[in-house]
Amino acid sequence: CYHCKLDMKEGEPAVYAERAGYDKFWHPGCFVCCTCSELLVDMIYFWKNGNLYCGRHYCDSERPRCAGCDELIFSNEYTLAEGQNWHLKHFCCFDCDCVLAGVTYVMMYDNPVCKSCYMKNHAAV
């Protein structure tokens, strides 16, 4: 078995994945996504760099995912903030919804707030 490295016993079911090549076989329970371990026997699978992927995790390996909407980001313009990727329009002020990409902001209770809203709503007077 390509996954668990145990011998395949004669007569036991085996999964063959054409995209992986003719020399690889898996026990049905070992044919899983390398990221989430989702069982892929009856699912669409992807093969990349010697690993099996479910659809979600294959796509995650190809494109970043927006922390705001959980959708893949296909645009070449997006922002990286607070250690996560965001569509430009989704990284915005928690108070007024203005876009924060490339401007100064403050994190208030794990939410980004623009400088203007911070001064107006949160700063001590």
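- As annotated in an unreviewed UniProt entry, the protein is TES protein from Pardalotus punctatus.

Topic: the UniProt feature "domain: LIM zinc-binding" (unreviewed entry) in the protein
- Listed under "domain: LIM zinc-binding" (unreviewed entry) in the UniProt record, and renumbered for this structure, are residues 1-62 and 64-124.
- In this annotation, residues 64-124 is assigned 13% helix and 26% strand; the end-to-end C-alpha distance for the span is 38 Å.

Notes on a nonpolar patch on the surface
- Together, Tyr16, Tyr22 and Phe25 give the surface a local cluster of nonpolar side chains, amounting to about 350 Å² of exposed area.
- With respect to the helices, strands and loops of the structure, Phe25 is situated in strand 2 (residues 25-26).
- The exposure class of Phe25 is partly exposed, given its relative accessible area of 36%.

Quick word on the pattern of salt bridges
- Taken as a whole and assessed by the stated rule, the structure comprises four salt bridges.
- We note a salt bridge from Asp23 to Lys24, for which the minimum N-O separation is 3.1 Å.
- Between Glu62 and Lys48 there is a salt bridge; the shortest N-O distance is 2.7 Å. Pair noted here: Glu62 is in helix 1 (residues 55-62) and Lys48 is in strand 3 (residues 46-48), with a separation of 14 residues, a long-range link.
- Given the relative accessible area of 42%, Glu62 is considered partly exposed.
- With a relative accessible area of 21%, Lys48 lands in the partly exposed category.

As for the environment of Cys1
- With respect to the element layout, Cys1 can be found in the segment before strand 1 (15-16).
- Between the alpha carbons of Cys1 and Val15 there is a distance of 9.2 Å; along the sequence they are 14 residues apart.
- In this view, Cys1 contacts Leu6, Met8, Phe25, Trp26, His27 and Cys30; residues no more than four positions away in its chain are not counted.

Focus: the pairing of strand 7 (residues 105-108)
- Relative to strand 8 (residues 111-114), strand 7 runs antiparallel, the two sharing four bridges. In the strand pairing of strand 8, Met107 is matched with Pro112.

Observations concerning the packing of aromatic side chains
- Scanning the entire structure with this criterion turns up ten aromatic pairs.
- On the numbers, 5.9 Å between centres and 80° between planes, the contact of Trp26 with Trp47 is edge-to-face. Pair noted here: Trp26 is in strand 2 and Trp47 is in strand 3, with a separation of 21 residues, a long-range link.
- Residue classification places Trp26 among the buried residues on the basis of a relative accessible area of 1%.

Focus on the side chain of Thr79
- Structurally, the position occupied by Thr79 is in strand 5 (residues 78-81).
- The exposure class of Thr79 is buried, given its relative accessible area of 13%.
- Each residue touching Thr79, except ones within four places of it in the same chain, is listed here: Gln84, Asn85, Trp86, Leu88, Phe91 and Ala101.

Cut-offs applied
- Residues numbered from 1 in each chain as written.
- Predicted model: local features only at pLDDT ≥ 70, side-chain atom pairs only at ≥ 80, totals over all residues.
- Heavy atoms only, no water.
- UniProt positions renumbered as here; feature names shortened; annotations may be inferred.
- Helix = DSSP H or I, 4+ residues; strand = E, 2+ residues; numbered from the N terminus.
- Patch = residues over 30% accessible without salt bridge, like charges linked within 9 Å, V, L, I, M, F, W, Y side chains within 5 Å.
- Areas by Shrake-Rupley, 256 points an atom, 1.4 Å probe, with all protein chains shown as cover.
- Salt bridge = Lys/Arg side-chain N within 4 Å of Asp/Glu carboxyl O.
- Buried < 20%, exposed > 50% of the residue type's maximum accessible area, 1.4 Å probe, protein only.
- Contact = heavy atoms within 4.5 Å.
- Pairing = 2+ DSSP bridges.
- Phe/Tyr/Trp six-rings, centres within 6.5 Å; stacked < 30°, edge-to-face > 60°.

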